[in-house]
Amino acid sequence: MDTPKVYEPVAPTIDQARANILIARQLQFTHFRDLRISDELSGDVFEAYLEYLDGQRIYLTQKDVNKLGQVKGQLGSALKTGQLQPGFDIYNLVQQRIIERLKFALDTLDNGISELEFDTNESILLDRSEAPWAADQQALDELWIKRIKNAVLAQRLSGTDDEAIVDTLRRRYEGQLKRAYQARSEDAFQAYMNAFTGMWDPHTSYFSPRTSENFNINMSLSLEGIGAVLQADNEYTKVVRLVPGGPAAKQGQLGPADRIVSVAQEGEKPVNVIGWRLDEVVDLIRGPRNSVVTLEVIPSSATDETITQTIAIKRDEVKLEEQSASKDIIELQRNGEDYTIGVITIPTFYADFQAMQAGDPNYKSTTRDVRELITELQKQGVEGLVIDLRNNGGGALHEANDLVGLFIDKGPTVQIRNANNDVQVLTDEDPSVAYDGPLVVLTNRMSASASEIFAGAIQDYGRGLVVGSQTFGKGTVQAVRPLNHGQLKITQSKFYRVSGGSTQHKGVVPDIEIPSRIDKTRIGEDALDHALPWDQIEAVPHTRYYDFSGVIDELRKRHEQRFANSPEFSLLQREIEFLEQQRKMESVSLNLEERKAQHTRIEHTRLAIANARRELRGEEPFETLDALEDWQDEQAADLDSTDNELDFIIREGGHIMADMLELDKRMASILSPQQLAAQAPAQ
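Residues numbered from 1 in each chain as written. Predicted model: local features only at pLDDT ≥ 70, side-chain atom pairs only at ≥ 80, totals over all residues. Heavy atoms only, no water.

Student: I keep staring at the pattern of salt bridges and nothing clicks. Help me out?
Tutor: It is possible for side chains of opposite charge to pair when their charged atoms get near one another. The tally for this structure, following the rule as stated, stands at 38 salt bridges. Here Asp34 makes a salt bridge to Arg36, at a shortest N to O gap of 3.3 Å. Given the relative accessible area of 40%, Arg36 is considered partly exposed. The network of salt bridges with shared partners includes Arg334, Glu554, Lys557, Arg558, Arg562, Glu652, Asp659 and Glu662. (Salt bridge = Lys/Arg side-chain N within 4 Å of Asp/Glu carboxyl O. Buried < 20%, exposed > 50% of the residue type's maximum accessible area, 1.4 Å probe, protein only.)

Student: Quick question: what am I supposed to make of the nonpolar core here?
Tutor: The nonpolar side chains of soluble globular proteins are, as a tendency, buried together. In terms of nonpolar packing, the biggest core is built from 70 residues, with Tyr173, Met193 and Phe196 touching the most fellow members. The element best represented in this core is helix H5 (residues 85-110), accounting for eleven residues. (Core = buried A, V, L, I, M, F, W, Y, C linked by side-chain atoms within 4.5 Å. Helix = DSSP H or I, 4+ residues; strand = E, 2+ residues; numbered from the N terminus.)

Student: Help me out: how do you make sense of helix H20 (residues 648-663) in this one?
Tutor: An α-helical turn contains 3.6 residues, so any two residues separated by three or four positions project in the same direction. End to end, H20 covers 22 Å across 16 residues, agreeing with the expected 22 Å (1.5 Å per residue, within 8%). Burial analysis of H20 places 13 of its 16 residues in the buried class, which makes it a mostly covered element. The backbone nitrogen of Ile649 lies 2.9 Å from a side-chain oxygen of the residue at the head of H20, namely Asp647. (Expected span 1.5 Å × (residues − 1). Polar contact = N/O pair within 3.5 Å; in protein donor to acceptor, adjacent residues only side chain to side chain.)

Student: Would you mind showing me how to read the confidence of the model for the chain here?
Tutor: Within the chain, residue pLDDT values average 90, and 93% of them lie at 70 or more. Note on residues 216-223: pLDDT is under 50 here. Beyond four places in sequence and across chains, it has eleven contacts. A low-confidence stretch, residues 641-645 stays under pLDDT 50, and its non-local contacts, those more than four residues away or across chains, total three contacts. (pLDDT = per-residue confidence, 0-100. Contact = heavy atoms within 4.5 Å.)

Student: Is there a simple way to think about the sheet that holds strand E10 (residues 337-345) in this case?
Tutor: Spatially, the six strands line up as an open sheet ordered E9-E10-E11-E14-E15-E18, and their pairing is mixed. Each edge of the sheet is formed by a strand with only one pairing partner; in this case those strands are strand E9 (326-334) and strand E18 (512-513). As judged from the four bridges shared by strand E14 (residues 439-443) and strand E15 (residues 465-468), these two strands associate in the parallel manner. When the bridges of E15 are listed, Thr443 appears paired with Gly468. (Pairing = 2+ DSSP bridges.)

Student: Quick question: what am I supposed to make of the pairing of E15 here?
Tutor: For a regular strand, the rule is simple: side chains alternate between the two faces of the sheet. Side chains of E15 alternate between two faces, with Leu465 and Val467 and Val466 and Gly468 buried alike. In the classification by handedness, the crossover that spans E14, the intervening helix H15 (residues 450-460) and the parallel E15 is right-handed. As defined by bridge partners, E15 adjoins E18 across two bridges and the pair is classed as parallel. Looking across to E18, one finds that Gly468 is bridged to Glu513. (Right-handed = clockwise from strand over helix to strand, strands pointing away.)

Here's what the structure looks like:
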């Protein structure tokens, strides 16, 4: 392996020192959160920096932490004046410890994994972020032997032979070692600045010059990649969300909070990317259109980081039309009555800015497309409308404002407050209403930003019911500011609903709750450190079209009765309970027999849940988990195999709509008879 044998400590540059002074100034005087650099903040930066560099506490000893802690109270004043050396000293020591640990791991592999014992009562803690630091080097050696045992066991249980296991682990450790030797000054600076900027809020961050270029490419969506938004998560690269209509979203196996372990090009061996810089991982994932990239990931549902899944995705550009809103119809028969309910799915809030600026009268946008879909659905005689915003991470703010305008007469849609407490109100000025009937808006934990503005406005106007799970809670606005060296993305304002409450941290709480598989403790604004809090400002005057308080209890009761008898819902609950049990596991056994038994139990449950779902659809159950996984791979490879059956949560949205119509005929329109007559087209 052509790696240098000596670690060259990295040192700060004059450009970085200048950028640091500018960042400190901007954070203190222009960020939405009023926070000054103090001794207390200094200690918090130190803790956050260590968490970033050694979040699982597997490289440093308590002795190291005590030694580094001598500068703990001085970081704040140093950061004000661009003195970066203390941060670089910490970074250099951690890199040296990483190198020592990886050499120890490689030596252990050289001694042969046959020397490792798997018949003891040992276990290993899965998440060490809250664990005490190892006392000394001997304690770290013992921990690393356990880590290697855990990795070996996980692979043996998935049927890999020892030679292949050693080969995989050796490549992983050698890749990380090579990376540690190649540390650059820019890596240390970006890590240190992000520990610092993260004190104000999780969406404020520093981009080094190279990362800035990637950020700009991402914003214009012109990359030939897989359509995933990624971020650095300690030594891993983590999936934040999938771009709707992109290759990864269509392939269906990659998900938010999955962590990428390796990347392989067609016909080549996988390259381990643990410890790699985000921009380099992005470079590996990008490539020629129609070529295949294979990612090895730790799924967000995995109990520990030795459990990985391999996902092959064909690269392509993300096309605007793939993200367009689409429609469907649900036909329901209840108590001798027929109901026709329209469904509009909105994956993202989009607008073709280029076509708009070029003066193209037919430019695409969410609001324009939804208006057309509503007209088509009305021709088909729909009595109610379900808007599906699940997994819609937001997009163009003015589109959320215009979309609300399709369903209300006119009025305010959202308030935006900046750091100086100036409040700007976005308003729908158009008195026309594209759809005046009853509405249900479906949300989940991945509905964020512009989705939350739309759902919140529909709720505040009494224009419809929100059904699903509490949304993400991303209620802040960022601006990207150029620096002498790189860029600073900084939170400068916050969204508030017309009723005065912020969408920040709390998101939108549905009127009727449907549980979800998504892990709220890992995904959502309230799962992020230093997230800005929820608060309230004054409401702005707005119409309240309908008061649901008279019917909401009955609607919830009917919904619960339906779900009590729904095989799909009991299956969803069973799946959620299984995932929660997995998440509650704090440690795993390093005893082969115990581990086998546990593995068999988990596999058995996964197969049982999958087969129960197949039986609901009248399909043959799978004999083994291998058969299930082969089928899943085939489904993922066939991009045309969409699930034609509308999912039961959309159907439930339709049933809630039918309940609304049954309980109160006044919901048929928000307009008075006179207004309806005025809006009716001349015959």
